[in-house]
Amino acid sequence: MAREPGASGRRRLRGQRAIEQFLEGFLEQWDVFQQRVESTVRRGDRVLVNIHLTAVGRESGAEVSARYVHIWTMRDGRAAEVDAYYDAETALREFEA
């Protein structure tokens, strides 16, 4: 399951196919799309991932540079859930709760 609790619209996706479909549609709008993991913190079955995104819009040519955070929950060595946050402080509070 993937959620965006720190983002407007709070989207929930369940299952691999739903996530694949979301990503396919999302990535179509970018001519260039790169994510770089800047740091990770692991606590038990959860991993906080700080990410730097750079992208160029396919239609607009607009350049984007943004930072955001994922919190991954792992089960049996596989990703079971991911939450995306645009605000790092909110993500850290959630991670430490």
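Parameters and conventions
- Residues numbered from 1 in each chain as written.
- Predicted model: local features only at pLDDT ≥ 70, side-chain atom pairs only at ≥ 80, totals over all residues.
- Heavy atoms only, no water.
- Helix = DSSP H or I, 4+ residues; strand = E, 2+ residues; numbered from the N terminus.
- Contact = heavy atoms within 4.5 Å.
- Phe/Tyr/Trp six-rings, centres within 6.5 Å; stacked < 30°, edge-to-face > 60°.
- Buried < 20%, exposed > 50% of the residue type's maximum accessible area, 1.4 Å probe, protein only.

Asker: Summarise the overall build of the protein; cite the residues concerned and give the values.
Answerer: When its secondary structure is counted, the protein shows two helices and six strands. In the protein, the order of α-helices and β-strands from amino to carboxyl end is β-β-α-β-β-β-β-α. Contacts in the protein between residues at least 24 apart in sequence constitute 35% of all its contacts with a sequence separation of at least 6.

Asker: Before we move on, could you go through the packing of aromatic side chains and cite the residues and values that matter?
Answerer: Evaluation of the coordinates by the stated rule reveals four aromatic pairs. With centroids separated by 5.8 Å and ring planes inclined at 20°, the aromatic side chains of Phe22 and Phe26 adopt a geometry described as stacked. In this pair, Phe22 and Phe26 are both assigned in helix H1 (residues 16–27), four residues apart and thus about one turn of the helix distant. Residue classification places Phe26 among the partly exposed residues on the basis of a relative accessible area of 27%. Taking 5.5 Å as the distance between ring centres and 90° as the angle between the ring planes, the aromatic pair formed by Phe26 and Phe33 counts as edge-to-face.

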